[in-house]
Amino acid sequence: MGFGLLFVPLMGGYLFLTWCNSTRFLVRRQSGHHLLFRSASVGLVLLAVARVLEVVAGDLATWPHAVEAWQRAAPFPYVGTIAVAFLLGPTAALATNLFYSQSKGAMRAVHRASDYMELLFVESMRSDSLVELTLQSGKAYVGWILNASVPEPERKFVEMLPLASGFRAKGNHKLEFTTNYAVVLAAAPDFTDSTTQSDFRVVLPVTEVRSARPFDFATYFEFQESGTIN
């Protein structure tokens with residue numbers, strides 16, 4: 001088997017990694033040589049499985065004329081094994097996707113990356129819960145996270161539909177609200193509509209986010225009444 005032909009099962013491994021929901025989001029975060037190594041590893045597994053299938057098929061073969069015709073069309077050693085190994089990659093990925101959803105794969109990638117801010121964004125969007133973002137400037141937003149369901153290799157921006165905004169005082173860092181978007185959103189026909197979200201959304205650079213946390217207005221007002229800094 002020529003070394004050049006080994007590139008074909010490597011491509012099969014690459015297709016499996018990039019098509020399979022279980023791995024596609026993980027490999028987006030990996031550098032070139034890590035992806036090459038993983039593709040080669042999966043390709044070797046596919047090659048071994050293809051070889052076993054070829055041996056079994058050869059023992060059960062009842063079409064000698066078809067085998068001879070294939071050997072004439074592709075007169076290279078183990079070319080059948082190579083072709084099967086390549087096809088196994090996307091086939092296995094599509095079969096796995098029947099039982100493994102994109103959202104599950106995305107969450108797996110977030111957990112593996114230990115990116116807790118992104119994990120907060122994704123969990124907030126899935127549960128439709130509020131998040132408070134405080135920027136380096138002291139500006140603060142409370143609202144719903146938009147478009148954070150699939151992790152990217154490097155998240156540069158976060159979209160939010162704000163419910164309120166304000167600032168944190170320089171001395172005690174107490175959160176003070178200055179703008180209430182709830183009144184405007186309540187007047188809209190349907191504030192969950194995508195058009196309304198586009199009208200009121202804010203896009204913030206992740207590098208400017210100093211802190212992010214879940215937010216609950218009931219708890220906030222309790223802190224306010226008790227005089228405790230929130």
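Presented here is a report on the structure given in the accompanying data block. Note that the coordinates shown come from a computational prediction; the quantities given were computed from them, not determined experimentally. Note that residues are indexed from 1 along each chain, following the sequence as it is written. Reporting of local features is limited, given that this is a predicted model, to residues whose pLDDT is at least 70; pairs of side-chain atoms are given and counted only at 80 or more, and all residues count toward the totals for whole chains, interfaces and linings. Each side-chain value is derived from all of the structure's non-hydrogen atoms; neither hydrogens nor water enter the calculation.

Our focus in this paragraph is the pattern of salt bridges. Working definition: two side chains of opposite charge can pair if their charged atoms are close together. One side-chain nitrogen of Lys or Arg within 4 Å of one carboxyl oxygen of Asp or Glu is enough to make a salt bridge. In this structure the tally under the stated criterion is three salt bridges. Measuring nitrogen to oxygen at the nearest pair gives 2.9 Å for the salt bridge that ties Arg168 to Glu132. Taken together, the residues Arg168 in strand E3 (residues 157-168) and Glu132 in strand E1 (residues 131-135) connect sequence positions 36 residues apart. Each member of the pair, Arg168 together with Glu132, is buried. Helix and strand labels come from DSSP, where a helix needs a run of H or I of at least four residues and a strand needs a run of E of at least two; each type is numbered from the N terminus. Buried residues are those whose accessible area, probed at 1.4 Å on protein chains only, stays under 20% of the maximum for their type, while exposed residues exceed 50% and partly exposed ones sit between those limits.

Right, let's get into the nonpolar core. Counting residues in each nonpolar core, the largest one holds 25 residues, and the members touching the most others are Leu133, Tyr141, Ile145, Val158 and Leu204. Counting only elements with at least two residues in this core, the list comes to helix H7 (116-127), E1, strand E2 (139-146), E3 and strand E5 (202-205). Should any heavy atoms of two residues lie within 4.5 Å, those residues are counted as being in contact. With residues up to four places along the chain from it excluded, the contact list for Ile145 reads Phe121, Ser124, Met125, Val131, Leu133, Val158, Glu159 and Met160. Here, nonpolar core refers to any group of buried Ala, Val, Leu, Ile, Met, Phe, Trp, Tyr and Cys residues whose side-chain atoms link them within 4.5 Å. Formed by 12 residues, the second largest nonpolar core is a distinct cluster that contains Leu17, Cys20, Ala50 and Ala93.

Let us now look at helix H6 (residues 102-113). Relative to the 16 Å expected for 12 residues at 1.5 Å per residue, H6 spans 17 Å between its end C-alpha atoms, a close match to the ideal helical length. Restricting attention to buried positions, one finds in H6 the residues Gly105, Ala106, Met107, Ala109 and Val110. Residues of H6 that are buried sit in contact with helix H2 (24-27) and H7. Structurally, the start of H6 carries an N-cap: the backbone nitrogen of Lys104 is 3.3 Å from a side-chain oxygen of Ser101. Following H6 by one or two positions, Ser114 adopts a phi angle in the positive range, close to 55°. Multiplying one less than the number of residues by 1.5 Å gives the expected span of a helix. By the criterion applied in these results, polar contacts are pairs of N or O atoms within 3.5 Å in which, for protein atoms, one can donate a hydrogen and the other can accept it, and in which residues neighboring in sequence qualify only through two side-chain atoms.

Now for the packing of aromatic side chains. For Phe, Tyr and Trp, rings pair up if their centres lie within 6.5 Å, where Trp contributes its six-membered ring, and each pair is then called stacked (planes under 30 degrees apart), edge-to-face (over 60) or tilted (otherwise). Applying the stated rule across the entire model yields three aromatic pairs. A centroid spacing of 5.7 Å and a plane angle of 40° characterise the contact between Phe177 and Phe217, whose relative ring orientation is tilted. With Phe177 in strand E4 (residues 175-180) and Phe217 in helix H10 (residues 217-226), this pair connects stretches of sequence that are 40 residues apart. Its relative accessible area of 24% is what places Phe177 among the partly exposed residues. Arranged with centres 4.9 Å apart and planes meeting at 80°, the rings of Phe215 and Phe217 form a pair that is edge-to-face. Taken together, the ring pairs connect Phe177, Phe215 and Phe217 into an aromatic cluster. Between the NZ or CZ atom of Lys139 and the centre of the ring of Tyr141, over which it lies, the distance is 5.5 Å. For a lysine, the NZ atom is tested; for an arginine, the CZ atom; a charge sits over a ring if that atom is within 6 Å of the ring centre and within 35 degrees of the ring normal.

Moving on to a nonpolar patch on the surface. Only residues whose relative accessible area exceeds 30% and that form no salt bridge enter a patch; like-charged residues are grouped when within 9 Å of one another, and nonpolar side chains (Val, Leu, Ile, Met, Phe, Trp, Tyr) when within 5 Å. Exposure was quantified through the Shrake-Rupley algorithm and a 1.4 Å probe, taking into account, for residues, occlusion by the shown protein chains and nothing else. A grouping of Val45, Val49, Leu53 and Val84 is seen on the molecular surface, where their side chains present a nonpolar patch of about 300 Å² in accessible area. In terms of residues, the nonpolar patch owes the most to one element, helix H3 (residues 32-60), which gives three residues. Mapped onto the secondary structure, Leu53 falls in helix H3. A relative accessible area of 44% means that Leu53 is categorised as partly exposed.

Turning our eyes to something else, we now look at the side chain of Ser39. Relative to the helices and strands, Ser39 is located in helix H3. Beyond its immediate stretch of four places on either side in the chain, Ser39 contacts Leu10, Gly13, Tyr14 and Leu17.

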